[in-house]
Amino acid sequence: MIVWTVLVVALVAGSAFMLGQSRARGLRLAGGPMLHSLPSYHGLYLAAGALSAAILAAVVMAFATGPQSLAVPLSAGLAGVAAVRTLLPRISTLFRARNVFERFVTVLLVACSAVAILATVGIVFSVLFESLRFFSEVPVTSFLFGTVWAPTAEPPSFGIVPLLVGTLLITLIAILVAGPLGLLSAIYMAEYASPKLRGIAKPLLEMLAGVPTVVLGFFAALTVAPLIRSAGQSIGLPVASESALAAGLVMGMMIVPLISSLSDDIINAVPQSLRDGSYAMGATHSETIRRVVLPAALPGIVSAFMLAISRAIGETMIVVMAAGLAANLTFNPFAAVTTITVQIATLLVGDQEFDSAKTLSAFALGFVLFLFTLTLNFIALRIVQRYREQYD
Amino acid sequence: MSNMTDTFRTGDPALVAKRYRAERRFRSYGAIALGLTALFLAFLIADIVVKGWPSFFEHRAILTVPLDPARIDAASPQNGDFQAIVKDAFRDQFPGVTSRGDRKKLNALLSIGAADGLRDRVVANPSLIGSALTVPVLLSDDADLYLKGHGADRISDQEALWLEALKDRGFIEKGIAWRFFTSGDSREAELSGLQAALVGSLLTIAVTLLLSLPLGVAAAIYLEEFAAKNRFTDFIEVNINNLAAVPSIIFGLLGLAVFLNFFGLPRSAPLVGGLVLALLVLPTIIIASRAAFKAVPPSVKEAALGVGASHQQAVFHHMLPLAVPGILTSTILGVARALGETAPLLMIGMVAFIVDVPGSFTDAATALPVQIYLWSDLPEIAFQSRTAAAIIVLMTVLFALNGVAIYLRKRFERRW
Amino acid sequence: MNDMTQTIVTPARPRIMAERPVKIVAKNVTVYYGDKPAIKSLTIDIPDCAVSSFIGPSGCGKSTFLRAINRMNDTIPISRMTGQILIDGKNIHDRDLDVVQLRARVGMVFQKPNPFPKSIFENVAYGPRIHGLARNKTDLEEIVTASLKRAGLFEEVKDRLSHSGVSLSGGQQQRLCIARAIAVNPEVILMDEPCSALDPIATARIEELIDELRRNFCIVIVTHSMQQAARVSQLTAFFHLGHLVEFGDTDEVFTAPQEKRTQDYITGRFG
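Fair warning: this is a prediction, and the values are worked out from it, not measured in the lab. (Residues numbered from 1 in each chain as written. Chains lettered and ligands numbered in written order. Predicted model: local features only at pLDDT ≥ 70, side-chain atom pairs only at ≥ 80, totals over all residues.)

### A closer look at helix α6 (residues 141-148) of chain B
Residue and element names in this part refer to chain B.
Now for step 1: The buried fraction of α6 is high, at seven of eight residues.
Now for step 2: All buried positions along α6 are accounted for by Asp-141, Asp-142, Ala-143, Asp-144, Leu-145, Tyr-146 and Leu-147.
Now for step 3: Packing partners of the buried residues in α6 comprise β1 (57-66), α7 (157-168), β3 (172-176) and α17 (381-411).
Now for step 4: Gly-149 sits one or two residues past α6 and shows a positive phi near 100°. (Buried ≥ 20, exposed ≤ 12 C-beta atoms within 10 Å, placed from the backbone. Helix = DSSP H or I, 4+ residues; strand = E, 2+ residues; numbered from the N terminus. Contact = placed C-beta atoms within 7 Å.)

Rendered as structure tokens:
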């Protein structure tokens, strides 16, 4: 039925267009005064009217009688024809068809933009709403400050401190890896590398950036984690099979391209006049970079790091596959910890009694995550804006 | 002459040498960092390829199978017990095997779907009943692993001897495992394939593209060209930038709460998956399309307006065509990103064991990255290799998409 | 175009040259950007403790030559040079001469003031720091104070040395850059249109400063303003289309130039 509806709507709109256009042409040929708008616009005007009416009718009918009923395409067709009959008489030489049509287009454009906003609204509201329902059952303080996370136990406890610590630990490892690698690569590419090398290095980094996180998770879980485990065992260190180190390492490599490309842009944006001033003083290249370029680029680099941290915190698949499920409260990188995203995933992937505290806790976690990343991104953006005029 | 100097005139060669050493060290740090990153990527790719490449091949035993009319009813050939026939033919290769336990082990070397090809042939051509066909039959995943050189610990020595015997007689063939692309998922590793996942991904991405591209471009056009520059539009811009950085799992939560719970759409359907991914990709498309419009020189718009075009005509007839390459490139990259997203799809229920190819946008489906995730969880070693092979498929598609995007970008790059 | 004109034209050396030793010598210098020569076969002697100004229309190569003297052109990949430039008789492209030290001996002030986004103190301290000129903190402070005083900026900023260098006015920023250049104790100061971004009052102050500095430094200044050249310099060189057309005592070049092209430029016929 949906296919039929689409066909009917298309047919109605198409014929409306032809009708409007030929009517306008007819007016023109009569040798009278010039038309305000091109005949095609008269056609579009009619088609737009027919289209809107048809779609509206179809949607209303679909809600009323279900999307598969015959009434849907039927009503669409009827509405379209009715619209054409009402709108057709307005076509005349003085009629500003183009303006009317353009107003229609503007409304369409606004509607599309509204959808984008709706997405944010939708996210905030859906997550907020369900979180509030959760907090009606579980007090906020025990959620935020509780140190035991055991949603499946009897009785369940929802303290997110172990999750926060786990997230922090893995993110810290990731940044310790990605920070130096990303920044130094960016410096090398921006300041030292030949164009040929740059031409190889940049696509390489883009390739790394394009690797889906599920692939990295697979690599982390099946190759990196066992490697670290056996390496640890060979020197007598007890390493869990799902160590934070493994997940953090791979996650770090995931965000290297992000830090690298952002830092690259920022370093390149430092004006050449500053570099010239330093060279003219007799500074070496590395002195210029370390003492003039990097300090000038610092706000941007800090902002890049914050964005990278935000990305690491919100990452799911790598940790789901390579990090543990047990909410361990520890800072030991060789132990298995769990993160906020892992818990969201495990709580909701399974059978759903949607209203249980267990399921709702996932939304509360999601809300915390959303707030975290939002704040980080906001601050990062602010930093860049505030210090942008520094050397203009 | 300058009179302020003393140590400086002759310079301090030790200090200068030290500075140059520091220069070289610093430079090498950068090169090393780049090198390590490249090494990681190489290691990753090598690991995946080495693990996954074998899964594109399978081992089969060539058997001569007598199609006894007593066991296959010509009227309904599909009901014939082909698996038993094949097992017997297999056992005939080893007349010395008599004990029940040994016979079971021998049978276990065959895949439970070993007779499928034979069944299809006979059903298509029932006149074959009564003759003896020489057909390849699929071996089990453990046997396959052994023949590929791994998994020597998964089968007993006795079974290994049998396989070696077959090999010596020349009855083992190794061929391309087309079923990897033509079968859906299965509990048996050797029978599992990506078809359902590929179709599911295709349908999902189709929905994503259909929704996000028009909406994104339209929103970008409005925000860039027609919206008044006031605090409200600034607010919208801030929102869209924020949306672009929201973790993907939160979009999954949105899908769960709104699309599944509130609207009651079917779980695990490409429609819902496509909706969620469309929202995920939308901000990126909007931002990139705006940038594409910004990059069009104002002189173009002014020229159009100068000859009397309306604002909309200037935008749609003149600016949009020039912005298309940029929009196209970013859309392709957005699609590539959506193709690899797993977390939101898990949230909307794509965790089930889907065997059949989804028939419509509302049937339960799976997607390629989800399939990878599900397979990676399974303990059998053979599934590890399958997972890696699926990753190779995914990465190839992504690579191709990125290549197209880069090619388009290069081709349409203009220097104003 | 008349390609005959090459090197120094005046039969007698400029008066001033007799009184002062030669600091910078250029012999047949040609600087290429890619395949195009920006300066052709330049030969000139520049004296110490005097201000020599380079004048000429845009694109005639004067800035290029300036940048060649402290090898700043090395930072531009497509630039190369033939010929020799000697400072105190030593070829600046000599293998064992370190470009980093050269640039400490030959300071540069740019057209648009470019203080580092650091504090005023740090801006001036930068050079002494990296070249290890100060043995301790007190030394460093002395150097900074002395440089700021010589640049005529100290009184205005002595209470806010920790403020950012970019927070100063345009004229102050340029004086800061001059202080920065002086702090490493150079022998030559190159100035590329140092006042073109400044207002007339700031310009006047800088010109005063140049006049004081020339007693101890060799100063080469590129300028678009002939009036400035006339005010500030003892020797003037006129460049045109990459060639040195005329080089002589400033008063003579401006009142009785030897070359017609010089005459045309000075009287405003072109440029």
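### Concerning the domain arrangement of chain A
Interfaces are often sized by the accessible area lost when the parts come together.
Now for step 1: By the assigned domains, chain A splits into domain 1 (2-115) and domain 2 (149-391).
Now for step 2: A separation of 52 Å is found between the C-alpha centroids of domain 1 of chain A and domain 2 of chain A. (Domains from an automatic or database assignment.)

### A word on the interface of chain A and chain B
Now for step 1: Between chain A and chain B, the contact holds 63 residues from the first and 65 residues from the second.
Now for step 2: With 19 residues, helix α4 (residues 97-137) of chain A is the single largest residue contributor to the side of chain A that touches chain B.
Now for step 3: Grouping the constituent residues of the side of chain A that touches chain B by class yields 41 nonpolar, 18 polar and four charged. (Nonpolar A, V, L, I, M, F, W, Y, C, P; charged D, E, K, R; others polar.)

### Digging into the confidence of the model for chain B
Residues and elements named next belong to chain B.
Now for step 1: Per-residue confidence for chain B averages 86 on the pLDDT scale, and 96% of its residues sit at or above 70.
Now for step 2: Per-element confidence in chain B ranges from a low mean pLDDT of 39 for helix α1 (residues 7-10) to a high of 93 for helix α2 (residues 13-52).
Now for step 3: Confidence drops under pLDDT 50 across residues 1-10; counting only partners more than four residues distant or on other chains, this segment forms 10 contacts.
Now for step 4: Here the prediction assigns the complex a pTM of 0.85, and the interface score ipTM is 0.88. (pLDDT = per-residue confidence, 0-100.)

### Some words on the sheet that holds strand β5 (residues 90-91) of chain C
Hydrogen bonds along the backbone pair up the strands of a sheet, which may run parallel or antiparallel.
Now for step 1: Spatial strand order, β2-β1-β4-β5 (chain C): four strands in an open sheet with antiparallel pairing. Here the strands that pair on one side only, and so sit at the sheet edges, are β2 (36-47) and β5 of chain C. (Pairing = 2+ DSSP bridges.)

### Structural notes on the domain arrangement of chain B
Residues and elements named next belong to chain B.
Now for step 1: Each assigned domain of chain B is listed here: domain 1 (7-53), domain 2 (56-188) and domain 3 (195-411).
Now for step 2: On a C-alpha basis, the centroid separation for the pair domain 1 and domain 3 is 38 Å.
Now for step 3: Its residues placed into classes, the side of domain 1 that touches domain 3 shows two nonpolar, one polar and one charged.

### Quick look at the nonpolar core
Now for step 1: Counting 300 residues, the largest nonpolar core has A:Ala220, A:Ala247, A:Val250, A:Ala308, A:Ile318, A:Ala322 and B:Val86 as the members making the most contacts within it.
Now for step 2: Looking at which element gives the most residues to this core, the answer is helix α9 (residues 195-226) of chain B, with 17 residues.
Now for step 3: The residues contacting A:Ala220, other than those within four sequence positions of it, are A:Ala225, A:Ala246, A:Ala247, A:Val250, A:Ile318, A:Met321 and A:Ala322.
Now for step 4: Grouped together as the second largest cluster of nonpolar side chains are 26 residues, A:Tyr41, A:Leu46, A:Met61 and A:Ala76 included. (Core = buried A, V, L, I, M, F, W, Y, C linked by C-beta atoms within 7 Å.)

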